[in-house]
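# Analysis of the macromolecular model
One-letter residues, chain by chain:
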Amino acid sequence: MAILDIIEIPDNRLRQISKPVERVTDEHRALIADMFETMYDAPGIGLAAIQVGVPERILVIDLQRPKDPDAPEATSEAEAEKIEYVHDPKVFINPVITWESDELSIYNEGCLSVPAQYADVDRPARIRATWLDETGAAHDAELDGLLATCLQHEMDHLEGILFIDHLSKLKRDMLLKKLEKSRRAKAA
Ligand code: NI
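All values reported here derive from a predicted model rather than from experimental measurement.

## Remarks on the pattern of salt bridges
- Applying the stated criterion to the full structure yields 13 salt bridges.
- A salt bridge links D156 to R123; the nearest nitrogen and oxygen atoms lie 3.1 Å apart. Placement of the pair is D156 in helix α3 (residues 145–158) and R123 in strand β7 (residues 114–124), with a sequence separation of 33 residues. Note on accessibility: D156 and R123 belong to one class, buried.
- Ionic pairing is found between D173 and K169, a salt bridge with its closest N-O pair at 2.7 Å. Here K169 and D173 lie together in helix α4 (residues 169–187), a separation of four residues that amounts to about one turn.
- Residue K169 is classed as exposed on the basis of its relative accessible area, which comes to 56%.

## Some remarks on the sheet that holds strand β8 (residues 126–132)
- If you walk across this open sheet you meet the five strands as β1-β2-β5-β8-β9, and the pairing is antiparallel. Looking at the sheet topology across the chains shown, the edges are occupied by β1 (46–48) and β9 (138–144). Each strand of the sheet is rotated relative to its neighbour by a mean of 40 degrees, with strand direction disregarded.
- Pairing of strand β2 (residues 58–61) with strand β5 (residues 90–100) involves four bridges; the strand directions are antiparallel. Bridging across to β5, I61 finds its partner in K90.
- Where helix α1 (residues 26–41) meets the sheet, it contacts β1, β2 and β5, and its direction lies at approximately 40 degrees from that of β2.
- Against the sheet, α3 engages β1, β2, β5, β8 and β9, with an angle of about 150 degrees to β2.

The rules behind these values
Residues numbered from 1 in each chain as written. Predicted model: local features only at pLDDT ≥ 70, side-chain atom pairs only at ≥ 80, totals over all residues. Heavy atoms only, no water. Salt bridge = Lys/Arg side-chain N within 4 Å of Asp/Glu carboxyl O. Helix = DSSP H or I, 4+ residues; strand = E, 2+ residues; numbered from the N terminus. Buried < 20%, exposed > 50% of the residue type's maximum accessible area, 1.4 Å probe, protein only. Pairing = 2+ DSSP bridges. Axes fitted to C-alpha atoms, helices over the stretch in contact; angles between N-to-C directions. Contact = heavy atoms within 4.5 Å.

See below:
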């Protein structure tokens, strides 16, 4: 396994439309293992193959919820490292949304390709989707909550869409300015 480089905006590869996977192979499974390792290292809860430069319709998601949801929020890095998470790795190959609710939910989204920037995005609260897993088995399920939000965010990547595209121009420009500033501070 290997930690892969995550592509960040304004890299144009993020604007590509990813191709469907015709048959799930060992090569895909090796890529998926690397994608999980890369996502956990970042850390993040979702990653699309195009974010590591592979334009194929493959996503990994692991919401990594804290084992104890009532535990107080960590106030230091040492405390944060001690929090235990429940792992629930999920693979979505060729995902398709077949139904979405009229009801929306708002989540403060971030993206590993838009580092350390967050903004509220409205998306359907519940969706029904079909997809293949890493064994090639077909799934069809209704999803809600953070999993539904995260899958929609990751599926956008397959169409070359980023969460910042859902914002008003004013909000997007503000966020991009903040990103520039934090990059300059890092480089200094
Ligand atoms: Ni993203």
